[in-house]
Amino acid sequence: MAVKIPLKMADGVLVRTIEDLREHFDIVSVLTYYQDGRLVKWLKNGYYDIEAKKISDLDFHRIL
């Protein structure tokens, strides 16, 4: 499933799917997108509703 708004990872790749995210995963980028809300927006935009719910339920301060 294609996502209209890609997430840019540290290796410069613009990820548009969960598969792309897994392949080019970068913890710093993902945590930044999580903290500013773009990760959940990206997931919802791609109809990854279950994943978006799980991510939005996380407590960022407990992760660190």
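Above this text is the structure in question.
Rules used throughout
- Residues numbered from 1 in each chain as written.
- Predicted model: local features only at pLDDT ≥ 70, side-chain atom pairs only at ≥ 80, totals over all residues.
- Heavy atoms only, no water.
- Helix = DSSP H or I, 4+ residues; strand = E, 2+ residues; numbered from the N terminus.
- Buried < 20%, exposed > 50% of the residue type's maximum accessible area, 1.4 Å probe, protein only.
- Contact = heavy atoms within 4.5 Å.
- Areas by Shrake-Rupley, 256 points an atom, 1.4 Å probe, with all protein chains shown as cover.
- Patch = residues over 30% accessible without salt bridge, like charges linked within 9 Å, V, L, I, M, F, W, Y side chains within 5 Å.
- Salt bridge = Lys/Arg side-chain N within 4 Å of Asp/Glu carboxyl O.
- Axes fitted to C-alpha atoms, helices over the stretch in contact; angles between N-to-C directions.
- Parallel < 35°, antiparallel > 145°, perpendicular 65-115°, else oblique.
- Left-handed = near helix turned anticlockwise from the far one by under 90°.
- Nonpolar A, V, L, I, M, F, W, Y, C, P; charged D, E, K, R; others polar.
- Polar contact = N/O pair within 3.5 Å; in protein donor to acceptor, adjacent residues only side chain to side chain.
- Core = buried A, V, L, I, M, F, W, Y, C linked by side-chain atoms within 4.5 Å.

Caption draft 1: Up close: the overall build of the chain. A count of helices and strands for the chain gives five helices and two strands. Secondary structure elements of the chain occur, N-terminal to C-terminal, as β-β-α-α-α-α-α. Counting only residues that meet the buried cut, the chain has 33% of its 64 residues in that class. Taking as baseline every contact in the chain between residues at least 6 positions apart, the subset at least 24 positions apart corresponds to 47%. For the chain, the computed accessible surface area is about 4,600 Å², with 56% contributed by carbon and sulfur atoms.

Caption draft 2: How the structure looks around unusual backbone geometry. Here the phi dihedral of Tyr47 falls at roughly 65 degrees; this positive angle occurs in a residue that is not glycine. Along the chain, the position of Tyr47 falls in the loop between helix H3 (38-45) and helix H4 (49-56).

Caption draft 3: A nonpolar patch on the surface, seen in detail. A contiguous nonpolar patch, built from Phe25, Ile27 and Val28 and spanning about 300 Å² of accessible area, is present on the exposed surface. Examined against the element boundaries, Phe25 turns out to sit in the loop between helix H1 (18-23) and helix H2 (27-36).

Caption draft 4: Seen up close, the packing of H3 against H4. Where H3 contacts H4, the axes come no closer than 8 Å and their chain directions differ by 160 degrees. Considering their axes alone, H3 and H4 lie roughly antiparallel with respect to each other. In the packing of H3 onto H4, the handedness of the crossing is left-handed. Contacts between H3 and H4 involve Leu39, Val40, Leu43 and Lys44 on the former and, on the latter, Asp49, Glu51, Ala52, Ile55 and Ser56. Partitioned by chemical class, the residues of the contact of H3 with H4 number five nonpolar, one polar and three charged.

Caption draft 5: Quick look at the environment of Arg16. Along the chain, the position of Arg16 falls in the loop between strand S2 (14-15) and H1. Separated by 30 residues in sequence, Arg16 and Gly46 have C-alpha atoms that sit 8.2 Å apart. Separated by 3.4 Å, the side chain of Arg16 and the backbone oxygen of Leu14 make a polar contact.

Caption draft 6: Highlighting the nonpolar core. Leu7, Met9, Val15, Leu21, Leu39, Trp42 and Leu43 are the most contacted members of the largest nonpolar core, which totals 14 residues. At the level of secondary structure, the elements contributing two or more residues to this core comprise H1, H2 and H3. Ranked by residue count, the leading element in this core is H3, at four residues. Those residues in contact with Leu21, other than ones at most four positions away along the chain, are Met9, Val15, Val30 and Trp42.

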